[in-house]
Amino acid sequence: MSEISEIVIASKMPEEAADYCEEVFAKIKADSESFSLLTAAEHRYMMGFDPGKEAVALAQRMGVHRYTIDLILLLYSSLRLRRLYEANGYSDEMFVSTILSNLGYATETCMKLNGIIGCAYFYAYHTMFNLTRFRLGRLHFELVKMPFDYKDVCKKGETVLSCHIPASGPLLMEDVEESFKLAYDFFKFSGPMVIVCSSWLLYPRFYEEVFKKGSNLSKFYELFDIVESKERSITADAWRVFGTLETDPYKLPQNTTLQRNLCDFLKKGNSMGGGYGVLVRNFEE
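A brief structural summary. (Residues numbered from 1 in each chain as written. Predicted model: local features only at pLDDT ≥ 70, side-chain atom pairs only at ≥ 80, totals over all residues. Heavy atoms only, no water.)

Along the protein chain, the regular secondary structure elements total 12 helices and 6 strands. Taken over the C-alpha trace, the protein chain has a radius of gyration of 20 Å; the compact-globule value for 285 residues is 19 Å, and the two agree within 12%. Contacts spanning at least 24 positions in sequence make up 66% of the contacts within the protein chain whose residues lie at least 6 apart. Per element, the accessible surface of the protein chain, about 14000 Å² overall, is 50% carbon and sulfur. Across the protein chain, the centroid of the 32 positively charged side chains sits 3 Å from that of the 38 negatively charged ones. (Helix = DSSP H or I, 4+ residues; strand = E, 2+ residues; numbered from the N terminus. Rg over C-alpha atoms; globule rule 2.2 N^0.38 Å. Contact = heavy atoms within 4.5 Å. Areas by Shrake-Rupley, 256 points an atom, 1.4 Å probe, with all protein chains shown as cover. Lys, Arg positive; Asp, Glu negative; His and termini not counted. Charge placed at Lys NZ, Arg CZ, Asp CG, Glu CD.)

What follows is the structure, encoded as structure tokens:
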């Protein structure tokens, strides 16, 4: 077994992807210059710098896609990150749910959308790898600065909690509320906790015209005070619903109610969109 074998197995990526990652990593390890590029990229990444130059050079040297090298880099960086989790007193269960489960999902998504074993959204992982973003129950959270004054509750620049929604099954309200409570305790809030969320799930027109009334998605939307919304290109988020990079609404799959409703919405010439919402929870009351 290689250094990354345990990481690969725990990510639960498809067997084909796991075998390929092991194969590519073994070839990198066997070539001193290639391994030097990987270790340099890992060092830069874990220090908070862009490892793009080294990653591109390594992909060219190995003759594999950049997405593949990005995945190998994240897997290799996970070795150090796991030690950092332990040093900070974070559980291995949290490490697996925050990091490895996401890498497994990212691998499946890249294979499905791009036909490549790799990670197509490398940029999305930096807050997870610098120990600022964690999965707590159903949701991911990180501390951010409020970008504006919000009523009489929060001033611009104050610390609030940003919420992210991983694609991992139904968005049940009891699970969402449990995550809010876990975040309140984990980040040691006292008094009101302001939560912000930027997502396609918070687009007002989707709530009005796409989401089924009374559905989990509608209920999630209703939790938030939507303070900003805007249209987005179909390429921004449609793949999350349809599992394809196809942009012609007449060629998109319609296997679920959400897919059918969104297809009808897009066929009318409408765009995808997103919203920015705010909610407040106080678990001391």
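Our focus in this paragraph is the pattern of salt bridges. Going through the model one piece at a time under the given rule, you end up with 15 salt bridges. Between arginine 80 and glutamate 42 there is a salt bridge whose closest N-O contact spans 2.8 Å. Here glutamate 42 lies in helix H3 (residues 32-46) and arginine 80 lies in helix H5 (residues 66-87), a separation of 38 residues in the sequence. Residues glutamate 177 and arginine 281 are paired through a salt bridge, measuring 2.7 Å at the closest nitrogen-oxygen approach. Here the residue glutamate 177 occupies a position in helix H8 (residues 173-186), and arginine 281 occupies one in strand S6 (residues 272-281), the gap between them amounting to 104 residues. One network of salt bridges, in which partners are shared, links Glu6, Arg82 and Asp92. (Salt bridge = Lys/Arg side-chain N within 4 Å of Asp/Glu carboxyl O.)

Take the pairing of strand S3 (residues 159-164) next. Where strand S2 (residues 139-145) and S3 come together, 6 bridges link them in antiparallel fashion. Looking at the pairing, leucine 143 lines up with leucine 161 of S3. Taken together, the 2 bridges between S3 and strand S4 (residues 193-199) define a ladder with parallel strand orientation. Bridging across to S4, serine 162 finds its partner in valine 196. The β-α-β motif built from S3, the intervening H8 and the parallel element S4 has right-handed crossover chirality. (Pairing = 2+ DSSP bridges. Right-handed = clockwise from strand over helix to strand, strands pointing away.)

Right, let's talk about the sheet that holds S6 for a bit. The strand order across the open sheet built from 6 strands is S1-S2-S3-S4-S6-S5, with neighbouring strands paired in mixed fashion. Because the sheet does not close on itself, it has two edges, and the strands there are strand S1 (133-136) and strand S5 (225-232). Taken pair by pair, the neighbouring strands of this sheet meet at an average axis angle of 25°, ignoring direction. (Axes fitted to C-alpha atoms, helices over the stretch in contact; angles between N-to-C directions.)

Here asparagine 270 shows up in the loop between helix H12 (257-267) and S6. With 37 residues separating them in the primary sequence, asparagine 270 and serine 233 have C-alpha atoms 9.8 Å apart. The residues contacting asparagine 270, other than those within four sequence positions of it, are Arg205 and Phe265. There is a polar contact of 3.1 Å between the side chain of asparagine 270 and the side chain of arginine 205. At a separation of 2.9 Å, a polar atom in the side chain of asparagine 270 contacts the main-chain carbonyl oxygen of phenylalanine 265. (Polar contact = N/O pair within 3.5 Å; in protein donor to acceptor, adjacent residues only side chain to side chain.)

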